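Take a look at the letters that make up each chain.
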Amino acid sequence: LLLSIYTYLKLIWLQSNSSTGLNTRKLFVVYLLLVSVLRCMSFTSMAVLDFENVNYSISSGPSNSVNDNSNFFDKATLVLFDFPDFCCVSAYVLLIVIWADSYMKSRRHWLSAYRFSRVWMLGYFLFNIFLYVAQVALYSLLFIPSIDQSVQIALIYLTLAAFNLGLPLFWFIVFIY
């Protein structure tokens, strides 16, 4: 909650001290605000569910509950806790774009800074499209009852791990470039 408030104040400060519209720094702060608010919402929802004595569990095994509400809460809990993780991956890819843009502006290059920034932002938006389409597809599969839940959860965690392991490799490639 404190991080959300601090990020919001930082966004207001950036807005008042910048004459341009939405740039990469503001977009990064907006993503950090989104991630902190989503984390706060997920922990608040867990507290509410605990207060209401709803039995929920995040397990990769088959659900033993006969109650449909409990099964739904199990899946919703998984979505609530994993969605901010994917947003963090997106925020750190934006950090790579900001770093590359700052590097480009700090040195004299024969490349056009405008074209360079535009290509990197296009790549960032294409990455986000791929990330969120994959995420929506995986979470949609989670709510289809005919597919084994343990396979679905394993697929979600493998996708998140692939993005988390691929990100440092991408950072290294950008650094070498």
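Just so it is clear, the model here is predicted, and its values are computed rather than measured.

Looking now at the nonpolar core. Within the largest apolar cluster, 17 residues are counted, with the highest numbers of intra-cluster contacts made by L27, Y31, L94, V97, W120 and Y124. When residues in this core are grouped by element, the largest group, eight residues, is from helix 3 (residues 68-106). Those residues within four positions of Y31 in sequence are excluded, and the remaining contacts are C87, S90, A91, L94, Y124, N128 and Y132.

A few words on the side chain of T159. Take T159: it is sitting in helix 5 (residues 149-176). A relative accessible area of 18% means that T159 is categorised as buried. With near-sequence residues (within four places) excluded, T159 lies in contact with F86 and L138.

Okay, the packing of helix 4 (residues 113-142) against helix 5 next. Relative orientation of the contacting elements helix 4 and helix 5 amounts to 165 degrees, with a least axis distance of 9 Å. By the angle between their axes, helix 4 is roughly antiparallel relative to helix 5. Pair helix 4 / helix 5 crosses with left-handed handedness. In this structure, helix 4 contributes W120, F127, F130, L131, L138, Y139, L141 and L142 to the contact, and helix 5 contributes Q152, I153, L155, I156, T159, F163, F170 and V174. Considered class by class, the residues forming the contact of helix 4 with helix 5 number 14 nonpolar, two polar and no charged.

Below, the discussion takes up helix 1 (residues 2-17). Along its 16 residues, helix 1 runs 23 Å from first to last C-alpha, staying within 8% of the 22 Å computed at 1.5 Å per residue. Of the residues making up helix 1, those classed as buried are S4, T7, L11 and L14. For helix 1, the angular spread of the buried residues around the axis is 85 degrees, confining them to a single face. Looking at helix 1, the residues exposed on the side facing more than 90 degrees away from the buried face are L2, Y6, L9 and S16. Packed against the buried residues of helix 1 are helix 2 (24-51).

Rules behind the numbers
Residues numbered from 1 in each chain as written. Predicted model: local features only at pLDDT ≥ 70, side-chain atom pairs only at ≥ 80, totals over all residues. Heavy atoms only, no water. Core = buried A, V, L, I, M, F, W, Y, C linked by side-chain atoms within 4.5 Å. Buried < 20%, exposed > 50% of the residue type's maximum accessible area, 1.4 Å probe, protein only. Helix = DSSP H or I, 4+ residues; strand = E, 2+ residues; numbered from the N terminus. Contact = heavy atoms within 4.5 Å. Axes fitted to C-alpha atoms, helices over the stretch in contact; angles between N-to-C directions. Parallel < 35°, antiparallel > 145°, perpendicular 65-115°, else oblique. Left-handed = near helix turned anticlockwise from the far one by under 90°. Nonpolar A, V, L, I, M, F, W, Y, C, P; charged D, E, K, R; others polar. Expected span 1.5 Å × (residues − 1). Arc of directions from axis to C-beta.

Shape descriptors only; they carry no functional weight alone.
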